[in-house]
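Chain by chain, the residues:
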Amino acid sequence: MSKLAAGTKMQTMSGATKSAIRKVYEYAEPNLTIVGWFGLLGFPIYYYVWSYLFPQPYESALLRGTCSVLFAVLVFRNDLPSYIHRYMPVLYLFILSLCLPFFFSYMMFKNSWSDIWAMSFLVSIFLHILLVHQTRVVLLQAAVSIAVAFSLAYGTDWNKATDEIVWEYVPVFMFTYVFGNLFYFRNQIEHESRVSIAKSFGASIAHEMRNPLAALKVSVEVLSSILNKHQAQRSEGISLSQKELIMAREILDDANGVIESGNEAIDLLLTSIDQNRVSTSTFKKHSMKSIVESALVSFAYKSPQDKQSIEFKSECDFDAFGSDTLIKYALYNLLKNSFCSKHGDGFKIDICLKKDGHYNHLIFRDNGVGIPADVIQDIFGDFYTYGRKRSSGLGLPFCKKVMKSLGGKIACRSELGLWTEFTLSFPTYESDVVDRIKMDLMKSKSVLFIGSNGTVSRALNEHAFYKGFRLINVSVDTAATKEAYEFEFDLIFVDLDDSMNATDKFADLENKLHFTEAHLVYLYDQNRSYPLPVNNELRICPIEINKLSRECGSALDALFFESPNTHMNILPHQLQQPKDYQGKTIVIADDNHSVRAYTSLLLEQQGFVVVQAKNGQDVLDTLNNQYVDLILMDIEMPSLNGLEAAERIRQSKTEYANVPIVAHTGDNSVTFQDKLQEFGINDYIAKPSSADALINKITSWV
């Protein structure tokens, strides 16, 4: 066998082992808290039982204390540092190996195979099989743990070992381990085959849905590009009015929203099937009234009569924390079930919202055929079906999983032949249940703070420490040097006070932020003005910097779990875009004709009036003949260079003595920057510069 083949085989074996360990942990995870409390309290309690109530020859407070502490790790696993979570599957198997087969076999050996400890060891075998459903893992754990316990208990004293071993017990233990595992394994195989069918079914649906969604996405992109080209050219062919263009773009935006929602639904559904739980990664605050109204509009009705049979009493509304997509799909399932159960004329569905102190309720009631009382207790079980052929039996169980993930519950009441009522109960948004879900989600969040404000940095660091999210703090200069892919965060804070001191870097930074899906938060001081060229194409949430410092916790909660306010009009007006540059005059001074021509064209597209100058003397002549708003000036020019021209402008006793001058130069060294200031030049931009950087630099001064 070649080294490459051997290496590949080893990697495959390693991957299979890791997969088996992870699978064991995921299977046990829903019951780990109960298991943890069982061990945390059971080991010390039974120390008292076997030491004082029914004294045994041997007991170990140290060994029991160790096992109790290890089970405490399982109880409080969610409170452990995030880096430990990745090792929890291995740690879980270690805890079980030490505290079940090792502990109970060791205590049986030390107590000379007494009946009490033989029975206790037999009980531990049953627990071991229940908690680790993989046959090979159970048998390997048992063999290694019992061998180690035997060695520690007897050492090399084989005479003592052979004298104490009760050989009649050995086949009983072996039978329990081997055949208990086999029986349990058969049940597990049947369960996994059903899950496998559900996964295959879900994957097939995903494939069939994603193909047309992908085609629709391409069509939307093509239409968007055609509209942009049409607006820019407005040449031959059919001409659309501005109103029609706006309407067309709104339709395309809606189509994009439907595509994204569909893809999100597919991802969430597949995650739920694959992990036997509902993903909470997209949970945030929603209006329940809006969710229900959206679901009723988007549901695929078979006839107009079906749509007219629904009455939604929307006088009440409440906030729910979760995924609007998942809640809508739960409602779709209830609607589908109700329409399948209708009989006769006068069928109707009533939906209403109610609130009480601890829970908010969505009540869904129809007057269909109803459900027998002895069936209601089974309808939320996986794969259970009633009264419908060709049903997977996954709909109502999925609704139950959705409600459980929200910290809520679902219940059903029915009168056979008269009505059926489902009550979906949601915890109030301010409840401890929702707070716990948020805290769990916080551990997977990441925040980038671009700035140096000490108060903000301390507030963010304090909340990162207690809530567990990842926080990175960099300067504007450092952020501007990063690649676009390095801005994959949930939240990005940008301090505009720092950005004022590095406007060219700020422009570069904004260009890279186009590609992030993070919520962008610009921090500003309401008592200051910001002559910064903020890019209108970015979705920005502005927050007053002192407010963030005072109310950091509630601000983070709103940014993570609510829809941030992206209205830029609350910022100081100097920051508002777009500005009207019509009539603003720019002088471009450069001895390179191509640079002048390109820059002139670029600025004229923004509405500026541009005057070209070949050298510093042409600049002075222009200033003497007309009003100028800004000079963009090269430094190295013949006849009169940029530094000399700037010096003459500043020393003149004319109206243009204070005109803003921006140097357009290839030298951006610190020494040269100091020299520019000496000659009265306000700012500079290094050659070569991008079109966006150049425009942003100029617009920051006019």
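This report concerns the structure included in the present document. Given the structure is predicted, the values throughout are model-derived calculations rather than measurements.

1. A closer look at the overall build of the protein
Logical step 1: Within the protein, the regular secondary structure consists of 27 helices and 17 strands.
Logical step 2: The buried share of the protein, taken over its 702 residues, is 45%.
Logical step 3: Expressed as a percentage of contacts within the protein between residues at least 6 apart in sequence, the contacts between residues at least 24 apart total 70%.

2. A few points about helix α7 (residues 135–154)
Logical step 1: End to end, α7 covers 28 Å across 20 residues, agreeing with the expected 28 Å (1.5 Å per residue, within 8%).
Logical step 2: When α7 is considered as a whole, its buried residues turn out to be Thr135, Val137, Val138, Gln141, Ala142, Ser145, Ala149, Phe150, Ala153 and Tyr154.
Logical step 3: Positive phi appears at glycine 155, one or two residues downstream of α7, with a value of about 60 degrees.

3. Looking at the nonpolar core
Logical step 1: Counting residues in each nonpolar core, the largest one holds 71 residues, and the members touching the most others are Met288, Ile351, Leu362, Phe422, Phe426, Phe493 and Leu523.
Logical step 2: Sort the elements by how many residues they give to this core and helix α13 (residues 324–340) lands first, with eight residues.
Logical step 3: Excluding residues within four positions of it along the chain, phenylalanine 493 makes contact with Val447, Leu448, Phe449, Ile450, Leu460, Val521, Leu523, Leu548, Leu556 and Leu559.
Logical step 4: Counting residues in each nonpolar core, the second largest holds 47 residues, with Val49, Met88, Phe103 and Phe121 among its members.

4. Focus on the sheet that holds strand β11 (residues 519–524)
Logical step 1: With parallel pairing, five strands are arranged side by side in an open sheet as β9-β8-β10-β11-β12. In this open sheet, the two edge strands, each paired with only one partner strand, are β9 (470–474) and β12 (540–544). Neighbour-to-neighbour, the strand axes of the sheet open up by a mean angle of 20 degrees, direction not taken into account.
Logical step 2: Bridge count for strand β8 (residues 446–450) against strand β10 (residues 491–495) is four bridges, and the pairing is parallel. Across the sheet, leucine 448 pairs through a bridge with isoleucine 492, a residue of β10.
Logical step 3: Along the sheet, helix α17 (residues 454–467) contacts β8, β9, β10 and β11; its crossing angle with β9, the most-contacted strand, is approximately 160 degrees.
Logical step 4: Across the sheet, helix α22 (residues 552–561) is in contact with β8, β10, β11 and β12; its angle to β10 comes to roughly 130 degrees.

5. Considering the packing of helix α3 (residues 61–75) against helix α5 (residues 88–110)
When two helices pack together, their arrangement is given by the angle between the helix axes and by the axis-to-axis distance.
Logical step 1: Contact geometry of α3 with α5 gives a least axis separation of 10 Å together with a crossing angle of 150 degrees. With respect to each other, α3 and α5 are oriented roughly antiparallel. Our pair here, α3 against α5, has a crossing hand that is left-handed. Where α3 approaches α5, its residues Leu63, Arg64, Thr66, Cys67, Leu70, Phe71, Val73 and Leu74 are matched on the opposing element by Met88, Leu91, Tyr92, Phe94, Ile95, Leu98, Cys99, Phe102, Phe103 and Tyr106.
Logical step 2: Here the residues of the contact of α3 with α5 sort into 16 nonpolar, one polar and one charged.

6. What to know about the side chain of lysine 328
Logical step 1: Position of lysine 328 among the secondary structure elements: in helix α13.
Logical step 2: Among buried Asp, Glu, Lys and Arg side chains, lysine 328 stands out as unpaired, with aspartate 324 the closest opposite charge at 4.9 Å.
Logical step 3: Looking at lysine 328, its side chain comes within polar contact range of the side chain of serine 294, at 3.3 Å.
Logical step 4: Aside from chain neighbours lying at most four places away, what touches lysine 328 is Ile291, Ser294 and Ala295.

7. Quick word on a nonpolar patch on the surface
Logical step 1: On the surface, a nonpolar cluster with roughly 500 Å² of combined accessible area is contributed by Trp37, Leu41, Ile45, Tyr46 and Phe76.
Logical step 2: Relative to the elements of secondary structure, isoleucine 45 occurs in helix α2 (residues 32–53).
Logical step 3: When its relative accessible area of 48% is taken as the criterion, isoleucine 45 is described as partly exposed.

8. As for the packing of α5 against α7
Logical step 1: With their axes 8 Å apart at the nearest point, α5 and α7 run at an angle of 45 degrees to one another. It follows that α5 is oblique to α7 by the angle criterion. When you trace α5 past α7, the crossing you get is right-handed. Facing α5, whose interface residues are Leu93, Leu96, Ser97, Pro101, Phe102, Ser105, Tyr106, Phe109 and Lys110, α7 presents Val137, Gln141, Ala142, Ser145, Ile146, Val148, Ala149, Phe150, Leu152, Ala153 and Tyr154.
Logical step 2: In terms of residue class, the contact of α5 with α7 is built from 15 nonpolar, four polar and one charged.

9. Remarks on the packing of aromatic side chains
Logical step 1: Going through the model one piece at a time under the given rule, you end up with 35 aromatic pairs.
Logical step 2: Among the aromatic residues, those joined into a cluster by ring pairs are Phe43, Tyr46, Trp50, Phe54, Phe71, Phe103, Phe104 and Trp117.
Logical step 3: Over the ring of tyrosine 58 we find lysine 110; its NZ or CZ atom is 5.1 Å from the centre of that ring.
Logical step 4: Note that lysine 285 overlies the ring of tyrosine 429, its terminal NZ or CZ placed 4.9 Å from the centroid.

10. Some thoughts on unusual backbone geometry
The phi angle of most residues is negative, glycine excepted, and most peptide bonds adopt the trans form.
Logical step 1: Backbone geometry places serine 112, a non-glycine residue, at a positive phi of 55 degrees.
Logical step 2: Inspection of the secondary structure puts serine 112 in the loop between α5 and α6 (115–131).
Logical step 3: The exposure class of serine 112 is partly exposed, given its relative accessible area of 39%.
Logical step 4: Unlike most non-glycine residues, tryptophan 113 shows phi in positive territory, near 60 degrees.
Logical step 5: Mapped onto the secondary structure, tryptophan 113 falls in the loop between α5 and α6.

11. Points about the side chain of aspartate 306
Logical step 1: Note on placement: aspartate 306 falls in helix α12 (residues 304–308).
Logical step 2: In this structure, aspartate 306 is in contact with Tyr301, Phe339 and Lys342, ignoring residues within four places of it in sequence.

12. Focus on helix α11 (residues 288–298)
Logical step 1: Within the sequence span of α11, burial applies to Met288, Ile291, Val292, Ala295 and Leu296. The arc that holds every buried residue of α11, seen down its axis, measures 130 degrees, which confines them to one face.

13. Digging into the pattern of salt bridges
Logical step 1: Tallied over the full model, the rule gives eight salt bridges.
Logical step 2: The residue aspartate 319 makes a salt bridge to lysine 285 at a minimum N-O spacing of 3.6 Å. Of this pair, aspartate 319 sits in strand β3 (residues 319–322) while lysine 285 sits in strand β1 (residues 284–287), and the two are 34 residues apart along the sequence.
Logical step 3: For aspartate 319, a relative accessible area of 32% puts it in the partly exposed group.
Logical step 4: One salt bridge in this structure joins glutamate 421 and arginine 365, with 3.0 Å as the shortest N-O distance. With a gap of 56 residues between them, glutamate 421 in strand β7 (residues 419–427) and arginine 365 in strand β5 (residues 359–366) connect regions that are remote in the sequence.
Logical step 5: By relative accessible area, glutamate 421 is classed as buried at 11%.

Cut-off values and rules
Sequence order as written defines residue numbering, which begins from 1 separately in each chain. Totals for whole chains, interfaces and linings use every residue, but because this is a predicted model, local features are given only for residues with pLDDT of at least 70 and side-chain atom pairs only at 80 or more, for both listing and counting. Based on all heavy atoms of the structure, the side-chain values leave hydrogens and waters out of the count. Helix and strand definitions follow DSSP, with helices as H or I runs of at least four residues and strands as E runs of at least two, each counted in order from the N terminus. Accessible area is worked out with a 1.4 Å probe on protein chains only. A residue is then buried under 20% of its type maximum, exposed over 50%, and partly exposed in between. Working rule for contacts: check all heavy atoms of both residues, and any pair within 4.5 Å makes them a contact. Here, expected helix span is obtained from the residue count minus one, scaled by 1.5 Å. For our purposes a nonpolar core is just a set of buried Ala, Val, Leu, Ile, Met, Phe, Trp, Tyr and Cys residues, chained together by side-chain atoms within 4.5 Å. Only strands joined by at least two bridges in the DSSP assignment are considered to pair. Simply put, an axis is a line fit to the C-alpha atoms, just over the touching stretch for a helix, and the angle between two N-to-C directions goes from 0 to 180 degrees. Oblique is the label for every angle not falling under 35 degrees (roughly parallel), over 145 degrees (roughly antiparallel), or within 65 to 115 degrees (roughly perpendicular). Two helices cross in a left-handed way if the nearer one is turned anticlockwise from the farther one by less than a right angle. They cross in a right-handed way if the turn is clockwise. Three residue categories are used. Nonpolar comprises Ala, Val, Leu, Ile, Met, Phe, Trp, Tyr, Cys and Pro, charged comprises Asp, Glu, Lys and Arg, and polar comprises the others, including Gly. The positive count covers Lys and Arg only, the negative count covers Asp and Glu only, and His and the chain ends enter neither. A carboxyl oxygen of Asp or Glu within 4 Å of a side-chain nitrogen of Lys or Arg is what we treat as a salt bridge. Residues adjacent in sequence count toward polar contacts only when both atoms are side-chain atoms; beyond that, a polar contact is any pair of N or O atoms within 3.5 Å, and within protein one must be able to donate a hydrogen and the other to accept it. Patch membership requires over 30% relative accessible area and the absence of a salt bridge. Like charges are linked within 9 Å, and nonpolar side chains (Val, Leu, Ile, Met, Phe, Trp, Tyr) within 5 Å. Computed with the Shrake-Rupley method and a 1.4 Å probe, the accessible areas treat only the protein chains shown as cover for residues. When the centres of two rings from Phe, Tyr and Trp lie within 6.5 Å, Trp using its six-membered ring, the rings pair. Their planes under 30 degrees apart give stacked, over 60 give edge-to-face, and anything left gives tilted. Working rule: Lys NZ or Arg CZ, within 6 Å of ring centre, within 35 degrees of ring normal, means a charge sits over the ring. In this description, the arc belongs to the directions extending from the helix axis to the C-beta atoms.

These figures capture arrangement, not role.
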